[in-house]
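# Fold and contact review
Listed below are the residues making up each chain.
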Amino acid sequence: MPISEQQLIYNRQSVLGKIAAARQEFGCDWQVDLLAVSKTKPASAVACLYADGQRHFGENYLQDALPKIAALQHLPNINWHFIGQLQSNKTALIAQNFAWVHSVDRLKIARRLSAQRPDNLAALNICLQVDVDHSSMGSKAGVPISSACELARAVSELPNIQLRGLMCIPDLSPDFDMQLQIFSRLSKLFVDLNAQGFQLDTLSMGMSADMRAAIKAGSTMVRIGTDIFGAR
Ligand SMILES: *Cc1c(COP(=O)(O)O)cnc(C)c1O
């Protein structure tokens, strides 16, 4: 049975409450934005959350996202974030339809997004996906920490895209301290890059099961699917 609108709104408010509680517990003086990960969920669920004030939505699969984006294009200031694996043959449609891409891990993809971003749209916001735990389910997604600075430098020089920050998807570890240790690798890299002159403002980390540790480690954007929309 599809989730009710009442339940969706309750879930979103509950996640916002948990974010506020974590910020208070850990003394975070920075903002933590909520990205609602709507992959595989219908446009009607996105519209319901939009009516409750949600403006940022994350999608993994282009073919699943495009009909939703088209159906909801009348909603002002809705922001679509592409967070899935990037293939070269999909970059044009991503550059045309999204405001953010979190999963850039190689220069070739960044070059294509830059070249294909329509001139009449604002710069496409980019996060570099970093491989913080060398495992990533064997998919090897993410630039290694040791190459991230070089990639950031090259990406930041491209037109029509703006390098905003870093993103990671570590394998879930059940232990809070281990989650914290892994997320801290990404926040250390973030601090290091800004010390070298980058002006990054976005640390995209934390999902339903590890959000608290991500916030403690410095997350500025948590990507939450299950805790809002229910199981997939
Ligand atoms: C699916 C997904 C999420 C949301 O995960 P939940 O565990 O459902 O909160 C976040 N980020 C990425 C990259 C995802 O693919």
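Data block above holds the structure.
So, a few notes on the structure that sits alongside this text. In this text, all values refer to a predicted model and were calculated from it rather than measured experimentally. (Residues numbered from 1 in each chain as written. Predicted model: local features only at pLDDT ≥ 70, side-chain atom pairs only at ≥ 80, totals over all residues. Heavy atoms only, no water.)

## Some remarks on the pattern of salt bridges
Condition: Any carboxyl oxygen of Asp or Glu that lies within 4 Å of a side-chain nitrogen of Lys or Arg is treated as forming a salt bridge with it. Remark: exposure states derive from per-residue accessible area (1.4 Å probe, protein chains only) relative to the maximum for the residue type, with buried under 20%, exposed over 50%, and partly exposed in between. The secondary structure listing takes helices from DSSP runs of H or I that are at least 4 residues long and strands from runs of E that are at least 2 residues long, numbered from the N terminus.
Enumeration over the complete set of coordinates arrives at seven salt bridges. Of the charged contacts, one joins Glu-59 and Lys-68 as a salt bridge, the two residues approaching to 2.8 Å between their closest N and O atoms. Lys-68 shares its class with Glu-59; the two are buried. One salt bridge connects Lys-68 with Asp-64, and the closest N-O pair in it is separated by 3.6 Å. Here the residue Lys-68 and the residue Asp-64 both occupy positions in helix α3 (residues 62-71), the gap between them amounting to four residues, near one helical turn. When its relative accessible area of 24% is taken as the criterion, Asp-64 is described as partly exposed. Ionic contacts of the salt-bridge type, sharing partners, join the residues Glu-59, Asp-64 and Lys-68 into one network.

## Considerations on the site of the ligand
Put simply, the rule is: Here, proximity means that at least one heavy atom of the residue falls within 4 Å of the molecule or strand. Pairing of N or O atoms within 3.5 Å defines a polar contact, subject to two protein rules: one partner must be a possible hydrogen donor and the other a possible acceptor, and residues neighboring in sequence count only if both atoms are side-chain atoms. Residue burial considers only the protein chains on display, and all accessible areas are found by Shrake-Rupley using a 1.4 Å probe.
Around the ligand, the neighbouring residues are Val-37, Lys-39, Asn-60, Ile-83, Ile-169, Met-207, Ser-208, Arg-223, Ile-224, Gly-225, Thr-226 and Arg-232. A distance of 2.8 Å is found between an oxygen atom of the ligand and a backbone nitrogen or oxygen belonging to Gly-225. Interatomic distance of 2.9 Å between a side-chain N/O atom of Arg-232 and an oxygen atom of the ligand. Surface burial for the ligand is 91%, taken as the share of its 390 Å² of free accessible area covered by protein chains.

## Notes on the packing of aromatic side chains
Inclusion rule: Each Phe, Tyr or Trp ring (for Trp, its six-membered ring) is paired with any other whose centre lies within 6.5 Å, and the angle between the two planes then decides the class: stacked below 30 degrees, edge-to-face above 60, tilted in between. Geometrically, a charge over a ring is one whose NZ (Lys) or CZ (Arg) sits within 6 Å of the ring centre while staying within 35 degrees of the ring normal.
All chains considered together, the criterion is met by three aromatic pairs. Here Phe-57 and Trp-80 contribute two aromatic rings whose centre-to-centre distance is 5.8 Å and whose plane-to-plane angle is 40 degrees, an arrangement assigned as tilted. With Phe-57 in strand β2 (residues 56-59) and Trp-80 in strand β3 (residues 79-82), the pair connects residues that are 23 residues apart, well separated along the chain. On the numbers, 5.4 Å between centres and 85 degrees between planes, the contact of Phe-82 with Phe-98 is edge-to-face. Taken together, the residues span a long stretch of sequence, with Phe-82 in strand β3 and Phe-98 in the loop between α4 (91-97) and β4 (100-104) at a distance of 16 residues. The pair formed by Phe-82 and Phe-98 is uniform in burial state, with each residue classed as buried. Positioned over the ring face of Tyr-50 is Arg-55, at 3.7 Å from the centre of the ring.

## Examining the pairing of β3
Successive residues of a regular strand alternate their side chains across the two faces of the sheet. Applicable threshold: Strand pairing follows a simple DSSP-based rule, namely that at least 2 bridges must link the two strands. Look down the strands so they point away from you; if the path from the first strand over the helix to the second goes clockwise, the crossover is right-handed.
Judged from the four bridges that link them, β2 and β3 form a sheet pairing that is parallel. Bridged to Glu-59 within β3 is Phe-82. Bridge count for β3 against β4 is two bridges, and the pairing is parallel. Looking at the pairing, His-81 lines up with Trp-100 of β4. Regarding topology, α4 serves as the crossover connection from β3 to the parallel β4, and that connection is right-handed.

## A closer look at the packing of helix α1 (residues 5-26) against helix α2 (residues 43-51)
Which entries qualify depends on this criterion: Angles shown run from 0 to 180 degrees and are taken between the N-to-C directions of axes, each axis being a line fitted to C-alpha atoms and, for helices, limited to the stretch in contact. The labels follow the angle: roughly parallel below 35 degrees, roughly antiparallel above 145, roughly perpendicular from 65 to 115, and oblique for the rest. Crossing handedness is read from the near helix: turned anticlockwise from the far helix by less than a right angle, it gives a left-handed crossing, and turned clockwise, a right-handed one. For this analysis, residues touch if any pair of their heavy atoms sits within 4.5 Å. Each residue receives one of three labels: charged for Asp, Glu, Lys and Arg, nonpolar for Ala, Val, Leu, Ile, Met, Phe, Trp, Tyr, Cys and Pro, and polar for the others, Gly being one of them.
As a packed pair, α1 and α2 sit with axes 10 Å apart at the nearest point and diverge in direction by 55 degrees. If you check the angle between α1 and α2, you find them oblique. Here α1 runs over α2; the crossing is right-handed. Listed contacts from α2 to Glu-5, Leu-8, Ile-9 and Arg-12 of α1 are Ser-44, Ala-45, Cys-48 and Leu-49. When grouped by side-chain class, the residues that make up the contact of α1 with α2 number five nonpolar, one polar and two charged.

Bear in mind that shape data such as this cannot, by itself, settle questions of function.
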